[in-house]
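Next come the chains, spelled out residue by residue.
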Amino acid sequence: MQAARLPNPGPTTEAPQARPEPLLYLGALNKTFGPVAALSGLQASVGPGEFVTVVGPSGCGKSTLFNIVAGLEEPDAGGILRFEGKSCHAADLLGRVSFMPQRDLLFPWRNVVDNAILALEVEGMPRDQARAKALKMLPEFGLAGFEKQYPNQLSGGMRQRVALMRTFLFERDLMLLDEPFGALDALTRAMMQRWLLDVWQKYRRTILFITHDVDEAIFLGDRVLVMTARPGSVKLEQVVDLPRPRRPEIVTSPEFVRLKRTLLDAIEEESMKSFQSSIAQEKPQ
Ligand SMILES: Nc1ncnc2c1ncn2[C@@H]1O[C@H](COP(=O)(O)OP(=O)(O)OP(=O)(O)O)[C@@H](O)[C@H]1O
Ligand SMILES: [Mg+2]
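Residues numbered from 1 in each chain as written. Chains lettered and ligands numbered in written order. Predicted model: local features only at pLDDT ≥ 70, side-chain atom pairs only at ≥ 80, totals over all residues. Heavy atoms only, no water.

Participant: How would you explain the sheet that holds strand 1 (residues 24–33) if you had to name every residue and give the values?
Facilitator: Backbone-to-backbone hydrogen bonds join strands into a sheet, with any given pair of strands oriented parallel or antiparallel. Taken together, 4 strands build an open sheet; the order of strands is 2-1-4-5 and the sheet is antiparallel. The open sheet terminates on both sides in strands that have one partner only, identified here as strand 2 (36–46) and strand 5 (86–87). Sheet topology note: the strand 4 (residues 80–83)/strand 5 ladder contains 2 bridges and is antiparallel. Bridge pairing in strand 5 places Arg 82 opposite Ser 87. Strand contacts of helix 1 (residues 62–69): strand 1, strand 2 and strand 4, with the helix running at about 120° to strand 1, the strand carrying the most contacts. (Pairing = 2+ DSSP bridges. Helix = DSSP H or I, 4+ residues; strand = E, 2+ residues; numbered from the N terminus. Contact = heavy atoms within 4.5 Å. Axes fitted to C-alpha atoms, helices over the stretch in contact; angles between N-to-C directions.)

Participant: Outline the side chain of Asn 111, listing residues and values.
Facilitator: Position of Asn 111 among the secondary structure elements: in the loop between strand 6 (98–100) and helix 2 (112–116). Judged by its relative accessible area of 11%, Asn 111 is buried. A distance of 2.9 Å separates a polar atom in the side chain of Asn 111 from the backbone nitrogen of Asp 114. If we ignore the near neighbours within four places in the chain, the residues touching Asn 111 are Glu 147, Lys 148, Gln 149 and Tyr 150. (Buried < 20%, exposed > 50% of the residue type's maximum accessible area, 1.4 Å probe, protein only. Polar contact = N/O pair within 3.5 Å; in protein donor to acceptor, adjacent residues only side chain to side chain.)

Participant: I'd love a proper account of the environment of Ile 68, names of residues and values included.
Facilitator: Turning to its location among the elements, Ile 68 is positioned in helix 1. On a C-alpha basis, the gap between Ile 68 and Lys 31 in space is 9.2 Å, while along the polypeptide they are 37 residues apart. Residues in contact with Ile 68, not counting those within four places in the same chain, are Leu 29, Lys 31, Leu 39, Glu 73, Pro 75, Leu 81, Ala 90 and Leu 93.

Participant: Can you explain the domain arrangement of the protein? Please cite residues and give values.
Facilitator: Parsing the protein into structural domains produces domain 1 (38–97 + 173–277) and domain 2 (104–171). Domain 1 and domain 2 are separated by 25 Å when their C-alpha centres are compared. The partner domain 2 presents 12 residues to the 17 residues of domain 1 that form the contact. Summing the contributions of domain 1 and of domain 2, the shared interface buries around 1300 Å²; its carbon and sulfur component is 67%. In this assembly, domain 1 and domain 2 are joined by 1 salt bridge. We note a salt bridge from Glu 140 to Lys 202, for which the minimum N-O separation is 3.1 Å. Summed over the shared surface of domain 1 and domain 2, the number is 5 residue pairs in polar contact (both at pLDDT 80 or more). Ranked by residues supplied to the side of domain 1 that touches domain 2, first place goes to helix 6 (residues 186–203) with 6 residues. Tallied by class, residues from the side of domain 1 that touches domain 2 come to 12 nonpolar, 2 polar and 3 charged. (Domains from an automatic or database assignment. Buried area = accessible area lost by both parts, 1.4 Å probe. Salt bridge = Lys/Arg side-chain N within 4 Å of Asp/Glu carboxyl O. Nonpolar A, V, L, I, M, F, W, Y, C, P; charged D, E, K, R; others polar.)

Given below as structure tokens:
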């Protein structure tokens, strides 16, 4: 595994340096669902303001990891979770991070604004105040003039922007985005990526972002975590040392292509393992 750019807590033999405490630290995380081991010995850390992308074979435990960090699932006993420098249980994180789940979960009976303010309302903000806040943000999310529309009147990209806006409005230092652009065509996706980087740079949130698209993982990330086949752990932690702001043409630069090759090799190895174990399970005994 490549050297992590951020420190893990615990004793160190290095000369003392003022290195920032990670915003989030996960150590020795296991999660089983009955006979299925979803995560095993996962270790990762995310620094304040970082944009970390996560790739890995389908079913390797990426969403499970997010559910734990969002406080929706507890890991098995023995794992370490630290947030803002303090040890905690997953349940303590509920409401402390903003989370866009893999499915956009817009309510069909609520219009754009009322979908966007859902988390604020749940938090107890008066509806008028929450609506005023959301209305101000609409243009930035490319949704100006669409506040009264319902989800079935929006394109796939617009629905994803509403879900993203909901996540942004719930102002937390850490945002978890689970394949937020998964359903988009290549062109819309490229536009959304550039837009997300602009918004991230403006608001300086910390982002953990799951994707199946290696180009997207490199283009957006400060680091890319490649997960192993299930049970998931971090196989490779790749620093993306490309200049920001990232320009679209960076994807053809030699440095980008070299990073892509490294990541694809790692992902392919894990995808093959995942495929082989799924075939083994199908074989008659
Ligand atoms: N609530 C649950 N109950 C039982 N099994 C679960 C539950 N959540 C996840 N799993 C299992 O854990 C494993 C990991 O699932 P997870 O959704 O985390 O994968 P993923 O990496 O997000 O996959 P994908 O890329 O397809 O979204 C799978 O085998 C899945 O069936
Ligand atoms: Mg998933």
